[in-house]
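Summary of structural features
One-letter residues, chain by chain:
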Amino acid sequence: MNSFSYCVPTRVIFGAGEVRQAGRAVRDHGGSRVLVVYGGGSAVRNGTLQKVTDALDAEGLTYYVEGGVQPNPRLAFAQDLADRYRDKDIDFLLAVGGGSVLDTCKAVAMGLYSGGEVWDFFEGKRKVEGEIAVGSVLTIAAAGSETSDSAVLTNEAAQVKRGCNTPHNRPRFAILDPELTVSLGAYQTACGVTDIMMHTLERYFSSDGSVNQMTDAIAEGLLRVVMENGLIAVNEPDNLQARSELMWAGSLSHNDLTGLGRPKDFAVHQLGHQLSALFDLAHGASLSAMWPHWAQFVCRKDLQRFAHLGRAVLGLRCDEDEQCALLTIRGLMDYWHTIGMPISLGGCVGVQTDLVLRQLADMCSYQSSRTIGSFVKLDREDMLDIYTAANQ
Ligand code: NZQ
Ligand code: ZN
């Protein structure tokens with residue numbers, strides 16, 4: 001087992017109705033002048049925002065409210081908020097929404113703390129040295145941003161989507177109230193399920209042959225629970241038990257627990273981010289469209305590992321590793337298809353010309369200046385092969 005250091009300082013407040021704790025939680029974590037941020041309006045329509053502002057009022061907190069964050073959140077929006085609120089002595093950012101709202105808050109926090117251009121942090125030109133506290137009232141089980149150290153923004157002008165990882169990004173608290181997620185439609189639910197699965201799958205395949213049975217058991221258990229309850233939630237949006245399982249799994253899947261002691265891969269996220277940047281595609285859909293083609297491209301590196309996944313998660317019974325590995329990939333494709341997720345470019349952004357595929361590979365490889373992944377390191381030509389295989 002490899003060495004690791006694990007610290008997830010985010011306080012989780014879990015349970016139906018726990019949104020009422022929002023004001024108290026902000027106060028407990030030092031907030032007094034709060035910027036509340038929400039998305040395109042679902043939080044207004046389903047009453048979540050009202051519950052949050054009631055909870056802030058009950059604590060007598062001063063707050064401002066800003067809506068309008070789009071999925072695949074835009075740099076320009078975050079920069080504008082940081083610029084407009086610089087002189088307002090904000091000491092707490094409260095995200096009411098999903099990963100897009102939360103990542104916007106993390107970026108605004110960077111801008112408020114440090115001034116200047118937020119994108120500098122995403123390009124690695126400046127280091128995040130401190131923080132304005134962020135907390136979240138989560139409304140969709142998906143990105144795991146509520147306990148993660150990362151923020152992901154789209155720079156529309158440059159057509160790139162990029163992450164910035166720093167311990168300063170970890171939210172102070174996450175209110176996980178599964179009742180807030182029953183208003184989600186089937187497609188967004190399925191996108192979330194796919195993303196939760198992917199955060200564990202991206203940590204499951206490692207190049208260094210390290211063995212960590214405990215981590216494997218957590219990862220495989222999480223995948224089984226998410227697949228079972230994902231199917232239920234897509235078909236029965238009001239099923240609070242399924243919504244609860246997904247919400248807790250979403251946070252656990254992306255706070256590193258399911259990959260401790262192993263290097264992460266995250267090539268599929270990089271391939272998917274470029275699709276989202278170019279086509280404004282939902283994050284979960286970008287991942288299911290790429291994973292099967294990534295898996296087919298790399299599986300020969302360790303067929304046994306793919307076979308192990310299929311036996312442990314899908315209950316496959318085959319003895320022979322190669323056959324079992326291929327059935328594992330097929331099994332996950334079938335699952336995503338069943339919950340309404342695309343498994344090719346044709347299924348989400350349409351079949352593309354060779355020119356667009358080359359553009360995707362150029363952008364994902366930063367014009368051939370980087371590789372992605374660690375299980376198998378992928379260069380620009382590999383990326384092009386995978387985009388081409390996905391182009392059905
Ligand atoms: O904007 P509104 O109107 O609120 O609608 C949203 C949005 O259209 C809707 N929604 C959310 N909660 C709802 C609801 N609709 C009805 N009822 C509710 N209760 O769902 C749509 C998607 O919202 P979004 O916040 O974009 O979803 P998600 O949480 O999947 O976040 C995706 C973003 O997170 C990034 C992704 O790249 C993407 O930009 N990620 C962030 C990560 C991180 N910071 O650690 C890691 C992830 O791998 C991911 O990259
Ligand atoms: Zn993700």
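Residues numbered from 1 in each chain as written. Chains lettered and ligands numbered in written order. Predicted model: local features only at pLDDT ≥ 70, side-chain atom pairs only at ≥ 80, totals over all residues. Heavy atoms only, no water.

A large share of strand S4 (residues 92–97) lies buried, amounting to six of its six residues. Relative to S4, strand S2 (residues 33–38) is paired through five bridges, and the arrangement is parallel. From the neighbouring strand, tyrosine 38 faces S4, where its bridge partner is valine 96. Sheet analysis places S4 next to strand S5 (residues 133–138), joined by six bridges and oriented parallel. The partner of leucine 94 across the bridge, within S5, is glycine 135. (Buried < 20%, exposed > 50% of the residue type's maximum accessible area, 1.4 Å probe, protein only. Helix = DSSP H or I, 4+ residues; strand = E, 2+ residues; numbered from the N terminus. Pairing = 2+ DSSP bridges.)

Contacts to ligand 1 come from 32 residues, most closely from Gly40, Ser42, Ser100, Ser148 and His199. Considering ligand 1 on its own, with 960 Å² of exposed area, one finds that the protein chains cover 89% of that surface. The set of elements that each furnish at least two residues to the shell around ligand 1 consists of helix H5 (99–114), strand S6 (150–155), helix H7 (186–204) and helix H10 (267–279). In terms of residue class, the shell around ligand 1 is built from nine nonpolar, 20 polar and three charged. (Near = heavy atom within 4 Å. Areas by Shrake-Rupley, 256 points an atom, 1.4 Å probe, with all protein chains shown as cover. Nonpolar A, V, L, I, M, F, W, Y, C, P; charged D, E, K, R; others polar.)

Here we take up the pattern of salt bridges. When the charged atoms of two side chains lie near each other, side chains of opposite charge can form a pair. Across all of its chains, the model carries 21 salt bridges by this definition. Measuring nitrogen to oxygen at the nearest pair gives 3.2 Å for the salt bridge that ties aspartate 28 to arginine 24. Of this pair, aspartate 28 and arginine 24 both sit in helix H1 (residues 22–28), four residues apart, which is roughly one turn of the helix. (Salt bridge = Lys/Arg side-chain N within 4 Å of Asp/Glu carboxyl O.)

Moving on: the nonpolar core. Formed by 71 residues in total, the largest nonpolar core has its most connected members in Met197, Met290, Trp291, Trp294, Phe306, Trp336 and Tyr387. A per-element tally of this core places H7 first, with eight residues. Domain assignment of the residues forming this core places at least three in each of domain 1 (11–180) and domain 2 (186–390). Not counting chain neighbours up to four residues away, the residues in contact with tryptophan 291 comprise Met198, Leu201, Phe205, Val268, Phe306, Ile329, Leu332 and Trp336. (Core = buried A, V, L, I, M, F, W, Y, C linked by side-chain atoms within 4.5 Å. Domains from an automatic or database assignment. Contact = heavy atoms within 4.5 Å.)

So, on to unusual backbone geometry. If you check the backbone angles, tyrosine 366 has positive phi at about 50 degrees while not being a glycine. On the secondary structure map, tyrosine 366 appears in the loop between helix H14 (354–364) and helix H15 (380–390). Even without being a glycine, serine 368 presents a positive backbone phi close to 65 degrees. Within the element layout of this structure, serine 368 appears in the loop between H14 and H15.

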